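# Fold and geometry: a report
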Amino acid sequence: MIFKKELEEEFQILNNHFLRKQQQIQCEMEKNKKKYGIVERIFYLFPNAEIIGMEKNKKDDELFIVMNNDTIYLLGERYQGTTNLPRILFHVYKTDDEFFQKKYIHIDDVLMEDNDVGNGTIAMKALIKYAKRNNIKWIEGNLSSVDNDHADRRNHYYEKFGFKIQSSSIRLDITA
C-alpha cells in the first residue's frame, strides 16, 4: 500500500512536469508561428515581393527586408499592417544620353513609424545595396518641408550614408 501511494505521487509529479513542458512547447510554437507567419503575410500583401534580407533594429525586433516593385518595406512582429510599414518609396530612371545611358534612383519618400530604433538605417542600407547590385550610378531625392521641424535629425540621417545636401536636394554617388 505504501509503495502504491509513493508510485501514485511520483506519477503525479511526472504528469505535472509533462503538462508544464507541453504548455511551454505549445507557447513556443505559437510564438514561432506568429514570428515566422510573417513570411506568409508578406506574400499575402505583396504576391510578387522578394525578401532581400533580415536585420534586427535597436529594439531587437527581427525585421524582414522586402522589395516590392519600387519600394523597400520592413516587416516584423510589430510591423505587419499595410499603412504603418516602415518603407522607402523610389523609382529607377535612365538618363537621356543614348550612348552612355546611366541608371539612377530617385527617392520619392522615406516613411518610418518609429524614430531612433534603426529602421531607417536598415531600409537605406538595403536601398544602397540594391543600387550597387543593379549598376545604379547615384541616388537622389528632394527634402520634404514636412520634415523641417526636425531638419537636423533628417539631415544627419542622409549625411551618415554619405549623401550630399544642397538646398532642398540630396544626392549620393554610388561607387562599386
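Placed above this text is the structure.
An account of the accompanying structure is given in this report.

The rules behind the values
- Residues numbered from 1 in each chain as written.
- Predicted model: local features only at pLDDT ≥ 70, side-chain atom pairs only at ≥ 80, totals over all residues.
- Heavy atoms only, no water.
- Helix = DSSP H or I, 4+ residues; strand = E, 2+ residues; numbered from the N terminus.
- Rg over C-alpha atoms; globule rule 2.2 N^0.38 Å.
- 1 Å grid on protein atoms, 1.4 Å probe; cavity = no way out; pocket = protein on both sides within 12 Å on 5 of 7 lines; lining within 4 Å.
- Points joined across faces, edges and corners; volume = space filled by probe spheres on them.
- Nonpolar A, V, L, I, M, F, W, Y, C, P; charged D, E, K, R; others polar.
- Buried < 20%, exposed > 50% of the residue type's maximum accessible area, 1.4 Å probe, protein only.
- Arc of directions from axis to C-beta.
- Salt bridge = Lys/Arg side-chain N within 4 Å of Asp/Glu carboxyl O.
- Phe/Tyr/Trp six-rings, centres within 6.5 Å; stacked < 30°, edge-to-face > 60°.
- Core = buried A, V, L, I, M, F, W, Y, C linked by side-chain atoms within 4.5 Å.
- Pairing = 2+ DSSP bridges.
- Axes fitted to C-alpha atoms, helices over the stretch in contact; angles between N-to-C directions.

### Considering the overall build of the chain
A count of helical and extended segments in the chain gives 3 helices and 8 strands. Counting from the amino terminus, the chain carries its helices and strands in the arrangement α-β-β-β-β-β-α-β-α-β-β. Here the chain has a C-alpha radius of gyration of 25 Å; the compact-globule value for 176 residues is 16 Å, and the former is much larger. Referenced to the eigenvectors of the C-alpha coordinate spread, the extents of the chain come out at roughly 95 × 35 × 30 Å.

### Considering the layout of surface pockets
If a probe the size of a water molecule is rolled over the atoms, the empty space left behind becomes visible. In this model, the largest pocket occupies a volume close to 680 Å³. Lining the largest pocket are 29 residues, and of these Val 110, Met 112, Asn 115, Arg 153 and Tyr 157 sit closest to its centre. Sorting the residues of the lining of the largest pocket by element identifies strand S5 (103-111), helix H2 (119-133), strand S6 (136-142) and helix H3 (151-159) as the ones contributing at least two each. Here the residues of the lining of the largest pocket are counted per class, giving 10 nonpolar, 10 polar and 9 charged. Volume-wise, the second largest pocket comes out at about 300 Å³. Around the second largest pocket sit 15 residues that line it, and Ile 52, Ile 65, Lys 125, Ala 126 and Lys 129 are the ones nearest its centre.

### Here's the deal with H3
Helical periodicity: at 3.6 residues per turn, an α-helix aligns residues three or four positions apart in one direction. Restricting attention to buried positions, one finds in H3 the residues Ala 151, Arg 154, Asn 155, Tyr 157 and Tyr 158. The buried residues of H3 occupy one face: seen down the axis, they fall within an arc of 155°.

### Examining the pattern of salt bridges
If you walk through the whole model with that rule in mind, you get 2 salt bridges. In this structure, Asp 60 engages Lys 56 in a salt bridge whose closest nitrogen and oxygen atoms are separated by 3.7 Å. According to the relative accessible area criterion, Lys 56 is partly exposed, its value standing at 48%.

### A word on the packing of aromatic side chains
The tally for this structure, following the rule as stated, stands at 7 aromatic pairs. Ring geometry for Tyr 157 and Phe 161: centres 5.5 Å apart, planes at 80°, overall edge-to-face. For the residue pair Tyr 157 and Phe 161, the accessibility class agrees, reading buried in each case. Residues Tyr 158 and Phe 163 carry aromatic rings whose centres are separated by 5.4 Å and whose planes lie at 80° to one another, so their mutual orientation is edge-to-face. The two residues Tyr 158 and Phe 163 agree in class, both being buried.

### Overview of the nonpolar core
Leu 75, Ile 88, Ile 107, Met 124, Leu 127, Ile 139 and Phe 163 are the most contacted members of the largest nonpolar core, which has 39 residues in total. Examining the composition of this core, we find that 7 residues originate from one element, H2, more than from any other.

### Description of the sheet that holds strand S1 (residues 50-56)
Spatial strand order, S1-S2-S3-S4-S5-S6-S8-S7: 8 strands in an open sheet with mixed pairing. This sheet does not close on itself; its edge strands, each paired only once, are S1 and strand S7 (164-166). Across this sheet, the average inter-strand angle for adjacent strands is 25°, counted without regard to direction. By the bridge criterion, 3 bridges tie strand S3 (residues 71-75) to strand S4 (residues 87-94) in an arrangement that is antiparallel. For Tyr 73, the partnering residue across the bridge sits in S4 and is Arg 87.

### Description of the pairing of strand S2 (residues 62-68)
Buried residues dominate S2, accounting for 6 of its 7 residues. Where S1 lies against S2, 6 bridges are found, and the strand directions are antiparallel. Bridging across to S2, Gly 53 finds its partner in Ile 65. As consecutive antiparallel partners, S1 and S2 are separated by 5 residues, and within that stretch Asp 60 has a phi angle of approximately 70°, a positive value. Between the end of S2 and the start of S3, which pair antiparallel, lie 2 residues, with Asn 69 showing a positive phi angle near 55°.

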